[in-house]
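Descriptive structure summary
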Amino acid sequence: GQSLEQPSEVTAVEGAIVQINCTYQTSGFYGLSWYQQHDGGAPTFLSYNGLDGLEETGRFSSFLSRSDSYGYLLLQELQMKDSASYFCAVGGIYNQGGKLIFGQGTELSVKP
Amino acid sequence: DVKVTQSSRYLVKRTGEKVFLECVQDMDHENMFWYRQDPGLGLRLIYFSYDVKMKEKGDIPEGYSVSREKKERFSLILESASTNQTSMYLCASSGASGRVGTGELFFGEGSRLTVL
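These lines cover the structure that appears in this document, whether it is placed above or below.

Calculation notes
Residues numbered from 1 in each chain as written. Chains lettered and ligands numbered in written order. Predicted model: local features only at pLDDT ≥ 70, side-chain atom pairs only at ≥ 80, totals over all residues. Heavy atoms only, no water. Pairing = 2+ DSSP bridges. Helix = DSSP H or I, 4+ residues; strand = E, 2+ residues; numbered from the N terminus. Axes fitted to C-alpha atoms, helices over the stretch in contact; angles between N-to-C directions. 1 Å grid on protein atoms, 1.4 Å probe; cavity = no way out; pocket = protein on both sides within 12 Å on 5 of 7 lines; lining within 4 Å. Points joined across faces, edges and corners; volume = space filled by probe spheres on them. Nonpolar A, V, L, I, M, F, W, Y, C, P; charged D, E, K, R; others polar.

Attention now goes to the sheet that holds strand β6 (residues 53-57) of chain A. All names here are of chain A. Taken in spatial order, the 5 strands line up as β1-β3-β8-β7-β6 in an open sheet, and their pairing is antiparallel. Two strands bound the open sheet, and with one partner strand each, they are β1 (3-5) and β6. With strand direction ignored, the average angle separating the axes of adjacent strands in the sheet is 20°. For strand β7 (residues 60-65) and strand β8 (residues 70-75), the ladder comprises 6 bridges, and the chain directions are antiparallel. Residue pairing in the sheet places Ser65 in a bridge with Tyr70 of β8.

With that out of the way, let us pick up the layout of surface pockets. Here the largest pocket is characterised by a volume of approximately 710 Å³. Those elements giving two or more residues to the lining of the largest pocket turn out to be β9 (84-91) and β11 (106-111) of chain A together with β5 (31-38) and β10 (87-94) of chain B. Here the lining of the largest pocket gets 4 residues from one element, more than from any other, and that element is β11(A). Here the lining of the largest pocket is composed, by residue class, of 8 nonpolar, 17 polar and 7 charged.

Everything listed here is a matter of geometry and, on its own, says nothing about what the molecule does.
What follows is the structure in structure tokens.
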């Protein structure tokens, strides 16, 4: 089976940097993805790590260490609009038709 | 832009009713998924389909069935709704080509079902 662990809540101030961790246990691993979901909205794709290392997309970066079964999402220069839930997910396009298994989500609150 | 459209944003049904949730995507994606989202539990996979008329059980298929008669449409069916199926239901799709290997799913806005 597969399971993912991430913190349920994180609070930070505007302009700060925050890191959301994700550890996983899986019988087969094809990559770690991150999704953002604003209250009442649809989850939207943020990033994907298929290999170890850091992927950077603007203010957001994502890291993967397959040997440690661990990854994180790094958000820099936090803005109020970053307040949302963030989900890590394992799976990938080659794994059973792109099936993803999601973590429980981390609710990020950005304070002024 | 990819668009995933779910037929109903909000539904209220009674226990024992048959419920159909419809999902249509406009990007010719091979893969389609149904998740339910509950507070503190994240997104849990109910069923998915990687081709027309093909379906696979996810982690919580009990009490649900699905239908995929056309590539663009994936329906979730609750044969006899129960109160513990009150939830937000999210449909998603992904392609086997294009952004291959990125793990990118495109989600609909969700259907919030209340079973009384």
